[in-house]
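Architecture and fold: a report
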Amino acid sequence: MKDYIDSYKIGLWEEYNFRFLLADCTTAFREVVRRQKLKNSSAILVAKTMMGAFFLAGMVKEETVVGIQLEGDGPIERVMGYSDRIGRMRGLARYPDILSDNEISRGIGKGIFRVTRWGGARKLHQSITKMERVGFENNLLNHISESDQLVSFLSIHVSEDFSCKGMILQALPFTPQIKIDELMDRLRDISYTTEELFSGDLDSTLTKLEDTLKANALTLDAGIPEFYCGCSIEKIKNVIVSMGKEESYSILEEQGKIEITCEFCNEIYELDSEEVHLLFI
Ligand SMILES: [Zn+2]
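The present account deals with the structure reproduced in this document. This is a predicted model, so every value here is computed, not measured. (Residues numbered from 1 in each chain as written. Predicted model: local features only at pLDDT ≥ 70, side-chain atom pairs only at ≥ 80, totals over all residues. Heavy atoms only, no water.)

**Details of the layout of surface pockets**
Any empty space left between atoms is shown by rolling a water-sized probe over those atoms. By volume, the largest pocket is sized at about 830 Å³. Looking at the largest pocket, it is lined by 23 residues, and the ones nearest its centre are Arg 90, Cys 229, Gly 230, Cys 231 and Lys 235. Listing elements by their share of the lining of the largest pocket, those giving two or more residues are β4 (78-84), β5 (88-93), α8 (233-243) and β12 (257-261). Grouping the amino acids of the lining of the largest pocket by side-chain chemistry returns 13 nonpolar, five polar and five charged. Looking at the lining of the largest pocket, you find at least three residues from each of domain 1 (7-227) and domain 2 (233-279). (1 Å grid on protein atoms, 1.4 Å probe; cavity = no way out; pocket = protein on both sides within 12 Å on 5 of 7 lines; lining within 4 Å. Points joined across faces, edges and corners; volume = space filled by probe spheres on them. Helix = DSSP H or I, 4+ residues; strand = E, 2+ residues; numbered from the N terminus. Nonpolar A, V, L, I, M, F, W, Y, C, P; charged D, E, K, R; others polar. Domains from an automatic or database assignment.)

Here is the structure:
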């Protein structure tokens, strides 16, 4: 199979005073699918959650990592997606293969839509909105408008073979209402289905959007999203230290070593008794 390369573009529609992020995260998502053995509606929702996290991280200048966590009363129960502003992403589902007739909104159900921003290891901000049975995209839009008071338009397409593409358009502060209305009207009249809009590469998607909006876009930045976990032996050691000496030593006694598997990438970290003792000197 030919190597597939992901990409993203960030830029402006000066005519409307809107910024945009357009992304193809197919390879990154397929890596998550492979590592987590994701299937069905669970897989689609993880893709959308990661893409949503990228939208939120990519639309701000600060270097933050954004996590979106969904907790619902449906059978999917819990899904998480993380990304930084250059699209290094990872994701997770509580149950990796729930099939809910592709009715994602029923699969996760009603509950909590939580967005967390980190700067390095520090939690900067967390905001929570109600999650309703209206689909991921509408819940994300609702969250952006309630928490950040920003007007946005977004679309995410996940295909059966796990390609994952999406876009967000967002009004810059002080955009006149007349421009917002004009852009929204044009987008409502778009002559492409989501599948058509995202068929081909990102340049072709951009051209279709330029046709629809009757204005040229200015690309300011571009890059390659990728699967990135960020776990390390150092972080695992911190986890062991925070468990405390007593608990760590009792695991050692039982198993002769401490083994921790990263739930995001399934990497197994193993520390022998000498390594564990060194942590508590
Ligand atoms: Zn990991």
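**Thoughts on the coordination of the zinc ion**
Six octahedral donors around a metal ideally sit at 90 or 180 degrees from one another, while four tetrahedral donors ideally sit at 109.5 degrees. Donor atoms from the polypeptide that coordinate the zinc ion comprise Cys 229 (SG), Cys 231 (SG), Cys 262 (SG) and Cys 265 (SG), at 2.2 to 2.3 Å from the metal. Between the four donor atoms coordinating the zinc ion, the angles at the centre fall across 102 to 115 degrees, so the site counts as tetrahedral. Each donor residue of the zinc ion lies on one chain, and together they are spaced C-x1-C-x30-C-x2-C. For the pair Cys 262 and Cys 265, one class covers both residues: buried. (Donors = N, O, S within 2.8 Å, 3.2 Å for Na, K, Ca; no water. Tetrahedral: all angles 85-135°; square planar, octahedral: opposite > 155°, others 65-115°. Buried < 20%, exposed > 50% of the residue type's maximum accessible area, 1.4 Å probe, protein only.)

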